Each structure stands twice: as C-alpha cells, then as structure tokens.
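# An overview of the molecular structure
One-letter residues, chain by chain:
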Amino acid sequence: MTSNDFSSARPTPRHDLESSSAATVSAGPDPGPSPADLLRRLRARSAGDPVTHVERVPARAGVPAPWPSWAPVELRAAFTRRGVVAPWQHQAEAANLAYEGEHVVVATGTASGKSLAYQLPALATLLADPRATVLYLAPTKALAADQLRSVAALELEGVRPACYDGDTPRAEREWIRRHSRFVLTNPDMLHHGVLPGHAQWSGFLRRLAYVVIDECHTYRGVFGSHVAHVLRRLRRQCARFGATPVFVLASATSGDPATAAGRLTGLPVTAVTEDASPRGGVTFALWEPPLLPPDSSASSAVPAQATGGHDGATDLIQVRRSALRETADLLADTVAEGVRTLAFVRSRKGAEVVAASARRALDDAVPGLGDRVAAYRGGYLREERRELERALLHGDLLGLASTNALELGVDLVGLDAVLICGYPGTRASLWQQAGRAGRSGQEALAVLVARDDPLDTYLVHHPEAIFGAPVEATVLDPTNPYVLAPQLACAAVEAPLTPADLALFGDGAKEAVDELVAAGALRQRPTGWYWRHRERPEVDLRGQGGAPVCVVESSTGRLLGTVDGGSSHFLLHSGAVHLHQGVSYVVDELDLADGCALVHAEEPDWSTHARDVTDLSVVSVRSYVDAGPVGMFLGEVDVTSQVVSYQRRRIATGEVIDTRPLDLPTRELRTVAVWFTLSPQSLALAGVQSADVPGALHAAEHAAIGLLPLMATCDRWDIGGLSTAVHPDTEAPTVFVYDGHPGGAGFAERAYGTASAWLRATRDAIAECGCEAGCPSCVQSPKCGNGNNPLSKPDAIRVLDVVLANLPA
Ligand SMILES: [Zn+2]
Ligand SMILES: [Zn+2]
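Everything numeric here is computed off the predicted structure, so don't read it as measured data.

### Some points on the packing of aromatic side chains
- The tally for this structure, following the rule as stated, stands at 12 aromatic pairs.
- The interplanar angle of 45° and the centroid separation of 6.0 Å between the aromatic rings of Tyr118 and Tyr136 together place this pair among those described as tilted. Linking Tyr118 in helix H6 (residues 114-128) with Tyr136 in strand E3 (residues 133-137), this pair joins segments that are 18 residues apart in sequence. Both residues of the pair, Tyr118 and Tyr136, count as buried.
- Aromatic pair Tyr164 and Trp201: ring centres 4.8 Å apart, planes at 85°, arrangement edge-to-face.

Right under this line is the structure:
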C-alpha cells in the first residue's frame, strides 16, 4: 500500500529500512532454521510429498536512477528528508513520461514505490506553477487518507493537500474547492459530488494538470466500467474549461496493463512494468494437500464450510485433506521451530479455526506453547491490532493467522515464514501476502497451500503461471449498455450531450442516447441532447445485477451487509445458511419487495445448497471462430433462471438431509457469453459415449469457470455457465460461459480472446488432479445448481482435447 511504498523507495538493502522503522525489529528472536531446512522438515512430517514445486525467488538489488533534472531542489530535499536518496529506475521512467505529458501506467510489484512515480511529476508541477492542481483518486477512503499523510508530510508550500469524501465536513468543503491544489477523493465522490457540482469546481478543474488513479486494477468488471465513464465525464468537464490533464495510473502487476488503463481512461496509455526496486530472497513452495484414504472423508476435523463466505457454500465430499487443516499443521510446526509465521486464510472463521487448531497441537506437545499463536480477527481496535503486530515482530508471539494483508499494518514485514491458505484470487494479492516474509537480509519461506479448487490445482502444477509473466488482466467493458446509458444520463445532466461527446463515450453511445430519447429521458434540440427531468438519475457505481439485497438481523435490526442482487436468490433464500464474516446466520425470510433478507444468528450442523433451472438463448453473435468440428463464439445471450429448491446437507459427512422447495420468481439476464460447440461425430471419435456427453460437457464447464480467473481478474461468482448435449440455438453439444452481470462485464470477452490458453489450462487442471472420478479440486463446483450431477472427469478431458486440437492457438 501507499505508505510503505516509500520505505522501499530508497536504494538501500531491506535491513536498513527495518532498523529505521519503529514498528519493525532490527534484533528479533534468534534466527531459526534456514528456509530450505525448514521446508525439508515440514515435508518430512507430511505423508507423501505434498510439495509440487519450490521456487527460489532471489534477492534483487535495486536499480537507482538520477533525480529528473526538472525536479525542483525543494522537492528532492523533501523526499530526501524522508529517506529517499534517489528514485528507482521505474519510478524515474514513469515520472519522466508523465512530466512530458504522456499518460502512463506504472504496473510493478507491491511496495515497489509506485507513489513516487506520480508524486514526483505532480508535485513538481504544483511547485513550478502556483495555479496548477492535481486530483488523486483511490478506491477507498482509507487509502486516500494514507496518501494524504504521505503528501502532507513533505510539507511543501502552497500545495495544501486535502481529502474530499463523504466524511469531509460541509464547512471544509468550500475551502478545499477554493484553496487545495492536491485533492484526494474516490470515484464515488467524483461521481456523486464533484461532477454534479462542476460549477463550484470550475476553478479547480480549469487548472487541473494531473489525474492520479491509484490501485487502478481494482476498477474491474461492472464497477470498473462505471468508473471508466466517470473518468470520461471528468475529461469532458475539464475540456469545457480548457484543461487536458495528464493521467498517471498505478496498478498491481498484471497482464497487459496498458490496454486495461487505456480502456479505463479512454486514452492511449504507456506502461512501465520493469520493477527496479530491491527485494529480499524468498523460498516459495507450492503445497498440495494429500488425497485422503478412501472412506475417511468424515474424519476431517475442519468442516469445509469453515472456509467461509461464498466459498463456504460447499461441503462437497472431501477427497483431499483440507487446506485449513494443512495450514494449521504447518503453522504449529513452524511455531514449534521458533519461526515467526504469518498465516493468511480467506475468511475470519477460517483464520480462527487455523489458530485454534495450531494452539491445540502446540499445547499437546508443550503445555503453554499454544499461547504464542493468535488469530487476527476483525473487530479489533486499531491499538489492539498494532499490539498484536508488535508482539509478532518482537517474537513474543510466534504465529498469527489473519484474513487479509490489507487489514494488517504496513510495517508488518520481515517475518520468517508466510503461509497462504488458498490462492487469494489474484497474483497481486498473492505477492502482497508473500511480501510480508523476509527480514534483515535473510531468506524467508513462503508456502501456498492449495485449496479444493480447479484454479489452485492448476497453479500448484503450473508454477510458471505464478512465477512467470502474468497473464491475468484487469477487464472492464465500457460498451456495456447497462452502464453506458445511465452514465450518459448523468453526463447529460452535467451539460447537454453533443455529437462530439458520443465519440468520447465510445462504441454504443449513439444507440444508448437514442434509447434514452425514446424512453423520454433525453430531448434532442439543435444544440444537443438535454436531460428532461428535474431530478438527477440515481446511478450506483457499485450496484451489480440489480439492487443489492440487505442482510438484516431480525432481533436487532442491525444491517450486517449486502449481497448483490444477482446471487441473492441463491444465497439468501429462506432457510439458507448464510456466512457473514465467518459468523453463521440462518435466513428467516427473503423480502424481494423491500430488497432485504431477515436473518438470525445460528450455527446449524448442516449447510444449504440452492438448486436452479437455467435456460439460455442466443440473441446475437459478435464474433466466432469456425474450426471444423469445433466452433468458438462470443455474443449476447438471454439467461432465464429460477431457484427452485435447496438441499440441506450435514457438514461433517455431506449426507443430504432433505430437499425443500422454494417459491421464487424467474429472473432474466441479458448478458455476454463465450461458448463452444463440438460436432457429435468428433466426440464419438474421441471415445465419448453419447450417454456421457452431458457429464463430459458439464465437467468441462465447471473447470473452465474455475480457471477463468487465471486470464481475467474475476472470481467464479462473477460468471455463470450452462452446458447441454444439444442446444436449440446451436444444434450441437455446447458449453456456455457467461458474465453474471447485465450487459456483460468483460470476462466472457477476455475468455474468448484467450480461448486456447484458457481451455488448455482447464484441461491440464483436470488431468493433473490426482482424484479418481472428479472432486472439488477439478470438476466439481460449489455453486452448481444441479448438485454436481452428471459429471464425467475423463470425458471432460476428451472434450477439451477435441477443442484444443482444432482451435487455432
Ligand atoms: Zn479432482
Ligand atoms: Zn453445474
């Protein structure tokens, strides 16, 4: 995150950095075993060898660059006071490009000092031109607050940095608009506050030199598509006042950052991706929990449900030892070795389970030793969290199980070992977590423990996907008509739309304007299109798949959170067991009219699994590849689905208790899908019996959905699928994978664009899973509306082989 960007932004080895920081230690407990020795001991204790790969990520010396000649002495001095002796190469390169007026995205690793890359040109410009202004956008208020501290600490005269968000007192707002020259805000505030009030901001916008977009990889999917148009609206207002600001974006490492940044801003963007900051050495092991002996699935002490959140909807029969259990054992073992270890677990409940189970194991070995392990729960006060961090850094505490790197203090680095329970979804998060390891010039150990999931299975067998060039890209789709139309309406309120604006808003803008005119929202006059209503349109940037459904505790009226409308029928039907931040609730009633689900706290020993019936029809084909017996398509589809019943299953055994009917309305979704077809002859030739075709396609569909996050930052809950032995629109065996958001979000499009790589990875994940007949690590899906039936693992491989043999690479 931002505030530690600077700690690495000095050309000195890591141990200097630590000794200068109050929250890190220069002299911790005795160094434990070397990472290689430690790993050897951990492997020796496990039945079989769970390690599929060991990567030594070598220490890297930083490559410093001279200060740009245009950087004023005053600014260099301010950075030097903070300990930045000189910029790293990538910082200087991005800063130079931006200063020369090129839009630039710097996409480098965690803590590589991305903020210097934009602060340097932006602040130099503010010092050189006493009228210029800078707008900084962060995805969260907390990040903006961090950045404010960082800029304010430079104590530059006349810059007057200030946060402008929902928490800013009214009384201060006018002062900020008039006097601040470095305004920090978020896309929501830009959308709801700044742009509608552009008249009050005219002085600021007229002089706007730079727009900084931090953590821009977080603007993905439907939210990202909305933000893309908010930025076009910003550019439009600036242009009206005669300003053409330079955009500087900071992104986590990802595939093709220039394209993603270009889509987000609508501008040509140059990418700087070569990371020149120094890094400590890490021994990184990929760990696949062993398969359980047959008939021992019930013996797992940690229920699959404890993984929490969406993921926790599963309690598929376990054939593999759970990642939670494996992580708990590893944590106990490293702590017993005296190694300071941080374990990352995806849910809070999971983190508590891991800590409790490690504590028990340690107390069994040496009474009292368990006290040196703790869980890092949500709900702690900031001081309590800092105290836990301090205890870990000083070695009073040896093991900590935590949910998320972002909740941890930025100074909590320099640990001896990091355990990562389950792939955290993106390479950016993986490195953010692994980056906590490595102290005082010593090598550290990181272990990724695979969960029961096709993507995890693929990754532990394909280390190049983790350690090689990134392929996952941030995707968004600004042409989504469900995003474009409301955004054009907002723009029309801010100023009448002109034909020139249509080019700015891109493909589909004219059609969307025509529809707004037909719907009576816009009126065409000779001077442009005018908004016809008194009130502004209500547009929520983060709204997905219909209005979000509120989860409310009946007894207290407390709002626990929201679930997006798209998955509410699935997750919040009456009787559903709903996990919220690791706590279990049962839904009393789903009130669709009010958009809320009433729940009470309860932890039954069953989990619930909704079943649905889905129908899909093809509306239009945008693009296709004719590959002989195989066809690959991208197009619009209508998906109709109805959640009709749910099963209750015992958590411990997976045994089905009963199936209960539900009375929920059907729902329709017009979205974008990728699909492939195969000729029945080609399947027969590949040895797939016609009776096995449905199971083959269904299994391939599940795994393909599970692997899509490898190509695009999404999770499998953003995507839906349907497979059928013969589809009326394609008249062939077909697998559909569609965006789970109205109008599409870019995921299916990315899948189509990378089809052969995506399906190759899918095929390999299935083939490399050691199970016999299919399991959650390969072809079973926790969100299957058909109860994972039918599925045929060997035939899914045959299906994908046929596709890959015919599809051009
Ligand atoms: Zn399997
Ligand atoms: Zn399914």
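### Section: the coordination of the zinc ion (ligand 2)
- For the zinc ion (ligand 2), the protein coordination sphere consists of His698 (NE2), His702 (NE2) and Cys784 (SG), at 2.0 to 2.3 Å.
- Counting along the primary sequence, the residues that act as donors to the zinc ion (ligand 2) give the motif H-x3-H-x81-C. With His698 in helix H24 (residues 693-707) and Cys784 in the loop between helix H26 (755-768) and helix H27 (793-806), the pair connects residues that are 86 residues apart, well separated along the chain. For the pair shown, His698 and Cys784 are each scored as buried.

### A look at the coordination of the zinc ion (ligand 1)
- Taken together, the protein ligands of the zinc ion (ligand 1) are Cys769 (SG), Cys771 (SG), Cys775 (SG) and Cys778 (SG), with distances of 2.2 to 2.4 Å.
- Taken together, the four donor atoms surrounding the zinc ion (ligand 1) define angles of 99 to 118° at the centre, an arrangement classified as tetrahedral.
- Donor residues for the zinc ion (ligand 1) sit on one chain with the sequence pattern C-x1-C-x3-C-x2-C. For the residue pair Cys771 and Cys775, the accessibility class agrees, reading buried in each case.

### Describing the sheet that holds strand E14 (residues 444-449)
- Pairing is mixed in the open sheet, where seven strands are placed in the order E1-E9-E14-E13-E10-E12-E11. The two strands at the open ends of the sheet, each matched to only one other strand, are strand E1 (51-57) and strand E11 (373-376). Ignoring strand direction, the axes of neighbouring strands in this sheet form an average angle of 15°.
- Where strand E13 (residues 417-421) lies against E14, five bridges are found, and the strand directions are parallel. Bridge pairing links Ile420 to Leu448 in E14.
- Contacts between helix H16 (residues 427-434) and the sheet are confined to E1, strand E9 (282-287), strand E10 (341-345), E13 and E14, with E13 contributing the most and set at about 150° to the helix.

### Some points on empty space enclosed by the protein
- This structure, assessed with the given rule, holds four cavities of 30 Å³ or more.
- When its volume is computed, the largest cavity comes out at roughly 60 Å³.
- Around the largest cavity sit Cys216, His217, Tyr219, Ser251, Ser254, Pro257, Ala260, Ala261, Leu264, Thr474 and Leu476, which together line it.
- Counting residues per element, the lining of the largest cavity draws most heavily on helix H12 (residues 257-265), which supplies four residues.
- Residues belonging to the lining of the largest cavity are distributed by class as follows: seven nonpolar, four polar and no charged.

### Notes on a negative patch on the surface
- Taken together, the side chains of Asp588, Glu589, Asp594 and Glu602 define an acidic patch exposed on the protein surface.
- Here Asp594 shows up in the loop between strand E20 (583-591) and strand E21 (596-601).

### Quick word on the pairing of E21
- In this structure, strand E17 (residues 549-553) lies alongside E21, joined through four bridges in parallel fashion. Residue pairing for E21: Cys550 is matched across the bridge by Cys596.
- Two elements, E20 and E21, share six bridges in a ladder whose sense is antiparallel. Counterpart to Leu590 in the pairing with E21 is Ala597.
- Between E20 and E21, which pair antiparallel one after the other, the connecting turn spans four residues, and Gly595 there sits at a positive phi close to 65°.

### Brief notes about the confidence of the model for the protein
- Scored by pLDDT, the protein has a mean of 87; 89% of the residues are at 70 or more.
- Taken as a whole, residues 1-29 scores under 50 in pLDDT and shows 81 contacts with residues more than four places along the chain or in a different chain.

### A word on H27
- Taking 1.5 Å per residue as the helical rise, H27 with its 14 residues ought to reach 20 Å, and the 21 Å between its terminal C-alpha atoms agrees with that figure.
- The complete set of buried residues in H27 reads Lys793, Asp795, Ala796, Ile797, Val799, Leu800, Val802, Val803 and Leu804.
- Where the residues of H27 are buried, they touch strand E23 (630-650), strand E25 (667-678), helix H23 (680-685), H24 and H26.

### As for the pattern of salt bridges
- The final tally for this structure, using the stated rule, is 31 salt bridges.
- Arg40 serves as the salt-bridge partner of Asp37, at 2.7 Å between the closest nitrogen and oxygen. With Asp37 and Arg40 both in helix H3 (residues 35-45), this residue pair falls three residues apart, about one helical turn.
- Residues Asp167 and Lys141 are paired through a salt bridge, measuring 3.4 Å at the closest nitrogen-oxygen approach. Of this pair, Asp167 sits in the loop between strand E4 (161-163) and helix H8 (170-179) while Lys141 sits in helix H7 (residues 141-152), placing them 26 residues apart in sequence.
- Classification of Asp167 by relative accessible area gives exposed; the value is 57%.
- Through salt bridges that share partners, Arg41, Arg45, Asp333 and Glu337 make up one connected network.

Conventions adopted
Sequence order sets the numbering: in each chain, residues are counted from 1 along the sequence as written. Labels are handed out in written order, letters beginning with A for the chains and numbers beginning with 1 for the ligands. Residue-level local features of this predicted model are given only where pLDDT is at least 70; pairs of side-chain atoms are given and counted only at 80 or more, and the full residue set underlies all totals for whole chains, interfaces and linings. Only hydrogens and water are set aside; all other atoms, that is, all heavy atoms of the structure, feed into the side-chain values. Under the pairing criterion, centres of Phe, Tyr and Trp rings, with the six-membered ring standing for Trp, must be within 6.5 Å; the plane angle then separates stacked pairs below 30 degrees from edge-to-face pairs above 60, leaving the rest tilted. Put simply, DSSP H or I for four residues or longer makes a helix, DSSP E for two residues or longer makes a strand, and each gets a number counted from the N terminus. Exposure categories follow from relative accessible area, calculated using a 1.4 Å probe and restricted to protein chains: below 20% of the type maximum is buried, above 50% is exposed, and the middle band is partly exposed. For Na, K and Ca the donor cut-off is 3.2 Å, and for all other metals it is 2.8 Å, counting N, O and S atoms only; because water is absent from this set, sites may look incomplete. A four-donor site is called tetrahedral if each angle lies between 85 and 135 degrees; a four-donor site is square planar, and a six-donor site octahedral, when trans pairs exceed 155 degrees and the remaining angles lie between 65 and 115; all other cases are labelled irregular. Pairing between two strands requires that DSSP report at least two bridges joining them. Fitted lines through C-alpha atoms give the axes, limited to the stretch in contact for helices. The angle between two N-to-C directions lies from 0 to 180 degrees. When checking whether two residues touch, look at their non-hydrogen atoms; a contact exists if any pair is within 4.5 Å. Site definitions follow a grid-based scheme: protein atoms alone, a 1 Å grid, a 1.4 Å probe that fits but cannot get out for cavities, and for pockets an open set with protein on both sides within 12 Å along at least five of seven lines, plus lining residues having an atom within 4 Å of a point. Grid points are joined across faces, edges and corners, and a volume is the space filled by probe spheres set on the points. All amino acids are sorted into three groups, where Ala, Val, Leu, Ile, Met, Phe, Trp, Tyr, Cys and Pro are nonpolar, Asp, Glu, Lys and Arg are charged, and the leftover types, Gly among them, are polar. The residues that make up patches have over 30% relative accessible area and no salt bridge, and they are joined within 9 Å when like-charged or within 5 Å when they are Val, Leu, Ile, Met, Phe, Trp or Tyr. Shrake-Rupley sampling with a 1.4 Å probe provides the accessible areas, and residues are treated as covered by the protein chains on show and by no other component. In what follows, salt bridge is the name for a side-chain nitrogen of Lys or Arg lying within 4 Å of a carboxyl oxygen of Asp or Glu. When charges are tallied, Lys and Arg are placed among the positive residues and Asp and Glu among the negative ones, while His and the ends of the chain are skipped. Every charge is mapped to an atom, namely NZ of Lys, CZ of Arg, CG of Asp or CD of Glu. pLDDT is a per-residue confidence score from the predictor, ranging from 0 to 100. For a helix, the expected span equals 1.5 Å multiplied by the residue count minus one.

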